[in-house]
Amino acid sequence: MLVRLYKSFQDSTTDCIEYSLESDSTSSVSITHQRQWKEPFSSSRYCMDYTYFRKPVDQSANFRNEVRLPGADTYTSYWGNVYTSLYRFDSARLKTIQDSLSQMAIEKALNRTEFAHMVVKFIQDIPYSYIMSDPCEATKNGKPCRGDSRFGILSPLEFLYSLHGDCDTRTVLLYGIFRNLGYDPLILISNEYLHSMLALNIPAAGEYLTHRGKKYYFWETTNTGWEPGMLAPDMQNKAYWDIALD
């Protein structure tokens, strides 16, 4: 079960304090996060608090740890199978967070492209954490590290609960939200760069891949400030990028 409350603050003077609050009642364990991030097309910002109960998050984690994948003969198809499995298991459980974001868009009269920016910036604003399949120290390269996670990824529910996520943890969550809301997302991966990125078919400028006659713009999700079509200088060879999930 997931319960959502949201607030849409209209100006930069309204206070919104970010916090995370754990609750351990006799019947359930939950965590509430209050998050704020800037709206991309004005000086307004959003504040949303939401609560996830631990039981469905544990179910999602158990699925990730136990899922049997179909055979794959390439790097791309292997990761496509991982991402597909995690998305499908958590897909229906993303509805409430999707409804909250959609309601904010209605209140602010955002169009389809503006809404996409709002959602991606919601995820970009969450600080980066390493998710490793092997054990790791508490920090790596100055950032938090969570080890012993199968596939080196967290499921969408695990990410929303813990707020710990690396590149593909973020792209799978965003892929799920956008696909469920009728967008046309891709997950791109690079074995050369060891990185995962979202690609979205929306009006933009910059770098893109053509797929089925449409332009899909690269979108980095691991830090703030990245707009669609921007590629880091050390990741600009598009020959090294492949579609893992469409």
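Look up a bit, the structure's there.
Given the structure is predicted, the values throughout are model-derived calculations rather than measurements.

S.K.: Quick one: what's the story with the overall build of the protein, residue by residue and with numbers?
M.R.: Secondary structure assignment for the protein yields six helices and twelve strands. Computed over C-alpha atoms, the radius of gyration of the protein comes to 18 Å, within 12% of the 18 Å expected from 2.2 N^0.38 for 246 residues, which places it in the range of a compact globule. Expressed along its principal axes, the backbone C-alpha trace of the protein runs to roughly 45 × 40 × 35 Å. Every one of the 246 residues in the protein was classed for burial, and the buried ones make up 50%. Counting contacts in the protein only where the partners sit at least 6 residues apart, residues at least 24 apart contribute 59% of the total. Element-wise, carbon and sulfur atoms account for 49% of the exposed surface of the protein, whose accessible area totals about 11800 Å². For the protein, the distance from the average position of its 25 positive side-chain charges to the average position of its 29 negative side-chain charges is 5 Å.

S.K.: Mind laying out helix α1 (residues 54-66), listing which residues take part and the relevant values?
M.R.: Across its 13 residues, α1 extends 18 Å between first and last C-alpha, which sits within 8% of the 18 Å expected from 1.5 Å per residue. Inspection of α1 places P56, V57, S60, A61 and R64 among the buried residues, and these make up the whole buried set. One side of α1 carries all its buried residues, which in axial view fall inside an arc of 145°. Along α1, the residues that are exposed and aim more than 90 degrees away from the buried face are K55 and E66.

S.K.: Could you give an account of the sheet that holds strand β7 (residues 143-146), naming the residues involved and the relevant values?
M.R.: The strand order across the open sheet built from three strands is β5-β7-β6, with neighbouring strands paired in mixed fashion. Whereas interior strands pair on both sides, the edge strands pair on one side only; in this sheet they are β5 (130-131) and β6 (139-140). Taken together, the two bridges between β6 and β7 define a ladder with antiparallel strand orientation. Bridge pairing in β7 links T139 to P144.

S.K.: Can you tell me about the sheet that holds strand β8 (residues 185-190), naming the residues and giving the values?
M.R.: Read across the sheet, five strands follow the order β10-β11-β9-β8-β12 without closing on themselves; strand pairing throughout is antiparallel. Of all the strands in the sheet, just β10 (208-211) and β12 (242-245) have a single pairing partner and so form its edges. For this sheet, the mean inter-axis angle between neighbouring strands, taken without regard to orientation, is 40°. By the bridge criterion, four bridges tie β10 to strand β11 (residues 214-219) in an arrangement that is antiparallel. Within the sheet, the bridge partner assigned to L209 lies in β11 and is Y216. The strands that helix α2 (residues 75-90) touches are β8, β9 (195-200) and β12; relative to β12, the one it contacts most, it runs at about 30°.

S.K.: Pulling in residues and values, what's your account of the layout of surface pockets?
M.R.: Roughly 540 Å³ of internal volume is contained in the largest pocket. Mapped onto the lining of the largest pocket, the elements with two or more residues apiece are α2, β5, α6 (167-180) and β9. Taken together, the residues that form the lining of the largest pocket break down as eleven nonpolar, six polar and four charged.

S.K.: I'd like to hear about the packing of helix α3 (residues 95-108) against helix α4 (residues 112-124), residue by residue, with values.
M.R.: Remark: α3 packs on α4, axes separated minimally by 10 Å, with the N-to-C direction vectors making an angle of 135°. With respect to α4, the element α3 is oriented oblique. Where α3 crosses over α4, the handedness of that crossing is right-handed. From α3, L101, S102, M104 and A105 reach across to α4, where they touch F115, M118 and V119.

S.K.: Any details on the environment of W241? Residues and values, ideally.
M.R.: Note on placement: W241 falls in the loop between β11 and β12. For W241, a relative accessible area of 4% corresponds to the buried category. With 152 residues separating them along the chain, W241 and F89 place their C-alpha atoms 26 Å apart. At 3.1 Å, the side chain of W241 and the backbone oxygen of M235 are in polar contact.

Definitions and limits used
Residues numbered from 1 in each chain as written. Predicted model: local features only at pLDDT ≥ 70, side-chain atom pairs only at ≥ 80, totals over all residues. Heavy atoms only, no water. Helix = DSSP H or I, 4+ residues; strand = E, 2+ residues; numbered from the N terminus. Rg over C-alpha atoms; globule rule 2.2 N^0.38 Å. Buried < 20%, exposed > 50% of the residue type's maximum accessible area, 1.4 Å probe, protein only. Contact = heavy atoms within 4.5 Å. Areas by Shrake-Rupley, 256 points an atom, 1.4 Å probe, with all protein chains shown as cover. Lys, Arg positive; Asp, Glu negative; His and termini not counted. Charge placed at Lys NZ, Arg CZ, Asp CG, Glu CD. Expected span 1.5 Å × (residues − 1). Arc of directions from axis to C-beta. Pairing = 2+ DSSP bridges. Axes fitted to C-alpha atoms, helices over the stretch in contact; angles between N-to-C directions. 1 Å grid on protein atoms, 1.4 Å probe; cavity = no way out; pocket = protein on both sides within 12 Å on 5 of 7 lines; lining within 4 Å. Points joined across faces, edges and corners; volume = space filled by probe spheres on them. Nonpolar A, V, L, I, M, F, W, Y, C, P; charged D, E, K, R; others polar. Parallel < 35°, antiparallel > 145°, perpendicular 65-115°, else oblique. Left-handed = near helix turned anticlockwise from the far one by under 90°. Polar contact = N/O pair within 3.5 Å; in protein donor to acceptor, adjacent residues only side chain to side chain.

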